[in-house]
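What the coordinates show
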Amino acid sequence: MTKGMPPALVVLIGAPGSGKSALAARWFKPHQILCLDELRLRLTDDEGLREATVETEVVRLRAEMLHIRLSRGLTTCIDATNVRAEYRAELLAAAAAHQMPAHAIVVETSAWDCRKQNEARRAAGGRYVPPAVVRKLYTAMRESVGYHGPVAGFDITRRIRLTPEFDSRVYGSTRQYRGAPWLA
Ligand SMILES: Nc1ncnc2c1ncn2[C@@H]1O[C@H](COP(=O)(O)OP(=O)(O)O)[C@@H](O)[C@H]1O
Ligand SMILES: [Mg+2]
């Protein structure tokens, strides 16, 4: 879904279970996505492992991959919660260093739907994030990016509210999201 799109750094922002990875898979080719969970899985066989040294390595690896891709002018999607400004700052700095536009996609799925989708993911054999963590990161997302308006530092902000009921519209058509340059 990136055909004809001007190259950009696209940063997903959303709580666990909000549907970021599903959206990324829909709109980007797998090799265009840098996903912290996937890198953690590659390094440790456990995408949910929370260990400070692993986290440092995973973030460093992602930064290297990001710089290489951006230096080549390649569209790159960052799949992580990115709910705090300090997490986003290094991504914005990388985009600026390579004169790449930075786009934010805020996945505003309600806390309730994040929880439901987190449970659905577990039922499907995927990752399960403790509900307290989902709630905490949802709250952090709202505190950081509010309910409307642009996300500070980004050239373009898109806000997308996914609900399970919305699924066929969201995934069946990109009509609603025309106007985003990366969907041109
Ligand atoms: N709009 C949607 N409707 C129905 N199911 C969805 C939707 N978005 C995501 N899902 C499902 O919900 C679960 C969580 O989505 P995922 O993309 O893994 O979230 P995140 O990457 O934000 O943690 C997955 O099982 C996914 O298939
Ligand atoms: Mg994900």
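Model, not experiment: these values are computed from the prediction.

What to know about the environment of leucine 162
Topologically, leucine 162 is positioned in the loop between strand S5 (156-160) and helix H7 (167-172). On the basis of neighbour counts, which here come to 23 C-beta atoms within 10 Å, the residue leucine 162 falls in the buried class. Through-space distance from the C-alpha of leucine 162 to that of leucine 23 is 9.6 Å; in sequence the pair is 139 residues apart.

Comments concerning the pairing of strand S4 (residues 102-107)
The buried fraction of S4 is high, at six of six residues. Two elements, strand S1 (residues 9-13) and S4, share five bridges in a ladder whose sense is parallel. Each residue of the ladder has a partner; that of leucine 9, found in S4, is alanine 102. Relative to S5, S4 is paired through five bridges, and the arrangement is parallel. In the sheet register, alanine 104 faces S5, and the bridge partner there is threonine 157.

Here we look at helix H4 (residues 85-97)
An ideal rise of 1.5 Å per residue puts 18 Å on 13 residues; H4 measures up with 18 Å between its terminal C-alpha atoms. What H4 keeps buried is the set Arg88, Leu91, Ala94 and Ala95. Buried residues in H4, looked at end-on, bunch into an arc of 115°, giving them a common side. Of the exposed residues in H4, those oriented more than 90 degrees away from the buried face are Glu86, Ala89 and Ala97.

Overview of the sheet that holds strand S2 (residues 33-35)
With parallel pairing, five strands are arranged side by side in an open sheet as S2-S3-S1-S4-S5. With partners counted over all chains shown, the strands left at the sheet margins are S2 and S5, one partner each. This sheet shows a mean twist of 20° between the axes of neighbouring strands, independent of strand direction. One ladder, built from three bridges, connects S1 with strand S3 (residues 76-79); its direction is parallel. Bridged to valine 10 within S3 is cysteine 77. The strands that H4 touches are S1, S3 and S4; relative to S1, the one it contacts most, it runs at about 170°.

Some remarks on unusual backbone geometry
One non-glycine residue, aspartate 45, lies in the positive phi region at around 65°. The class for aspartate 45 is exposed, based on 8 C-beta atoms found within 10 Å. The backbone of asparagine 82 shows a phi angle near 50°, a positive value even though the residue is not glycine. Within the fold, asparagine 82 resides in the loop between S3 and H4.

Points about the nonpolar core
One recurring pattern in soluble globular proteins is that nonpolar side chains are buried together. Ranked by internal contacts, the top residues of the largest apolar core, which has 40 residues, are Leu9, Val11, Leu12, Ile13, Ile105, Val106 and Val107. Breaking this core down by element, the ones donating at least two residues are S1, helix H1 (20-27), S2, helix H3 (52-71), S3, H4, S4 and helix H6 (131-145). Excluding its chain neighbours within four sequence positions, the residues that come into contact with valine 107 are Leu12, Ile13, Gly14, Ser18, Gly19, Lys20, Leu23, Ile160 and Leu162.

Description of the environment of valine 106
Mapped onto the elements, valine 106 comes out in strand S4. Accessibility expressed as a C-beta count within 10 Å gives 27 for valine 106, which makes it buried. In this structure the C-alpha to C-alpha distance between valine 106 and histidine 148, which are 42 residues apart in sequence, comes to 9.8 Å. Look past the residues within four positions of valine 106 in its chain and what remains in contact with it is Ile13, Gly14, Val145, Val151, Thr157, Arg159 and Ile160.

What about H1?
Of all the positions in H1, only Lys20, Ser21, Leu23, Ala24 and Trp27 are classed as buried. Across the axial projection of H1, the buried residues extend over an arc of 160°, all falling on one side. In the core, the buried residues of H1 are packed alongside S1, S2, S3 and S4.

Calculation rules
- Residues numbered from 1 in each chain as written.
- Chains lettered and ligands numbered in written order.
- Predicted model: local features only at pLDDT ≥ 70, side-chain atom pairs only at ≥ 80, totals over all residues.
- Helix = DSSP H or I, 4+ residues; strand = E, 2+ residues; numbered from the N terminus.
- Buried ≥ 20, exposed ≤ 12 C-beta atoms within 10 Å, placed from the backbone.
- Pairing = 2+ DSSP bridges.
- Expected span 1.5 Å × (residues − 1).
- Arc of directions from axis to C-beta.
- Axes fitted to C-alpha atoms, helices over the stretch in contact; angles between N-to-C directions.
- Contact = placed C-beta atoms within 7 Å.
- Core = buried A, V, L, I, M, F, W, Y, C linked by C-beta atoms within 7 Å.

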